[in-house]
Amino acid sequence: MRAHRSRTSSVGALVRATHAPPALAVTAVATLLAVAAQLSAGRVTLVGLAVLAGQASIGWSNDWLDADRDRAVARADKPVVQGAVDPAVLRTAALAAAAAAVVLSLLLGPVPGLLLLVLVASGWAYNAGLKRTAASGLPYLTGFGALPAGVVAAAPGAPAAPWWLPAAGAALGAAAHLANVAPDMEEDLATGVRGLPHRLGARVSAAVGALLLGTASLVLVLGPDGPPAWWGWAGLVLAVPAVAVAALAGTDRFRRLAFPAVLLLTVLDVVLLLAGGAALT
């Protein structure tokens, strides 16, 4: 019985170390985009599995590479700090998941595969050191700009995505970066991490993040050909609370709510795209 509980606890720790909420949100977005791009059921599944493997590898590599730093600031939310999982296990899991992401992505074809792997490479580059530099937002811009382009390219003939889709993805990614850093800014500074949000400061980062979030929603509604349908305008109305929360991320009360707000709005935007039948190819 104890051995069973120990295995269950280890599996749970590994799941938490993937940074499950954002990993699942990104996977859901990619899968919904694949449906909107009218991919076959098999290719929709393959897109979902490839993105999920890539996101898991990014989460595990983050907790592996940051293990000493997280221990130094006593990050109680991290399984490695709790002693629930060893960094060596996270390293093995991260490398295995990255290899799976490479195989699954390239099964979709060289063009979509490489575009999807830009997101994986961007995440690893961020974890490996870019997070400590003024270019910390670059992996989010490139990775989340390439993601929708890769999903669309998985359709027959590897079509190019319309300009507004990667543009919105890049803006959402940059907003997610600014919101994601907000709750841990003090701990990051204590361990020498000075990315772009740290250099801008909490209030400026929050304002820029809100601007990017609002811009992404506008691009997704106004970018497709033809006048926006009613659900597009409804989406903009629903985006207002998320943009407001992002703008308040520089305050203690809303700091931890900004990132979930970005994730929810991103999924909502893609659902509205799907409902509206916007042409992605």
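Analysis parameters
Residues numbered from 1 in each chain as written. Predicted model: local features only at pLDDT ≥ 70, side-chain atom pairs only at ≥ 80, totals over all residues. Heavy atoms only, no water. Helix = DSSP H or I, 4+ residues; strand = E, 2+ residues; numbered from the N terminus. Rg over C-alpha atoms; globule rule 2.2 N^0.38 Å. Contact = heavy atoms within 4.5 Å. Areas by Shrake-Rupley, 256 points an atom, 1.4 Å probe, with all protein chains shown as cover. Lys, Arg positive; Asp, Glu negative; His and termini not counted. Charge placed at Lys NZ, Arg CZ, Asp CG, Glu CD. Salt bridge = Lys/Arg side-chain N within 4 Å of Asp/Glu carboxyl O. Axes fitted to C-alpha atoms, helices over the stretch in contact; angles between N-to-C directions. Parallel < 35°, antiparallel > 145°, perpendicular 65-115°, else oblique. Nonpolar A, V, L, I, M, F, W, Y, C, P; charged D, E, K, R; others polar. Core = buried A, V, L, I, M, F, W, Y, C linked by side-chain atoms within 4.5 Å. Buried < 20%, exposed > 50% of the residue type's maximum accessible area, 1.4 Å probe, protein only.

J.: What am I meant to see in the overall build of the protein chain here?
T.: Across its full length, the protein chain holds 14 helices and zero strands. Going residue by residue from the N terminus, the α and β elements of the protein chain occur as α-α-α-α-α-α-α-α-α-α-α-α-α-α. Relative to the globule expectation of 19 Å for 281 residues, the C-alpha radius of gyration of the protein chain, 19 Å, shows essentially globular dimensions. Dimensions along the principal axes, computed over C-alpha positions, put the protein chain at roughly 55 × 45 × 35 Å. If you take every contact in the protein chain between residues at least 6 apart in sequence, the share linking residues at least 24 apart comes to 76%. Roughly 12600 Å² of accessible area belongs to the protein chain as shown, and the carbon and sulfur atoms make up 70% of that amount. For the protein chain, the distance from the average site of its 18 positive side-chain charges to the average site of its 13 negative ones is 5 Å.

J.: Got a minute to help me understand the pattern of salt bridges in this structure?
T.: When the charged atoms of two side chains with opposite charge come close together, those side chains can pair. A full pass over the atoms with the stated rule returns nine salt bridges. D66 is paired through a salt bridge with K131; the nearest N and O atoms lie 2.6 Å apart. Residue D66 is found in the loop between α3 (41-65) and α4 (67-72), and its partner K131 is found in the loop between α7 (110-128) and α8 (138-153); the two are separated by 65 residues along the sequence. The salt bridge partner of D68 is R71, with a shortest N-O separation of 3.8 Å. Taken as a pair, D68 and R71 lie in helix α4 at a separation of three residues, close to a single helical turn. The network of salt bridges with shared partners includes D66, R69, K131 and D188.

J.: Mind showing me how you'd approach the packing of α3 against α7 here?
T.: When two helices pack together, their arrangement is given by the angle between their axes and by how far apart the axes lie. Interhelical geometry of α3 versus α7 gives an angle of 5° and a closest axis separation of 9 Å. Accordingly, the angle class assigned to the pair α3 and α7 is roughly parallel. Contacts from V51, G54, Q55, S57, I58, S61, N62, W64 and L65 of α3 reach α7 at L116, L119, V120, G123, W124, N127 and A128. The residue makeup of the contact of α3 with α7, split by class, is nine nonpolar, seven polar and no charged.

J.: Please explain the nonpolar core as it appears in this structure.
T.: For soluble globular proteins, the rule of thumb is that nonpolar side chains tend to be buried together. In this structure, V47, L147 and L165 are the most contacted members of the largest nonpolar core, which totals 77 residues. When residues no more than four places from it in sequence are discounted, the contact partners of L147 are V26, A30, V51, L116 and L119.

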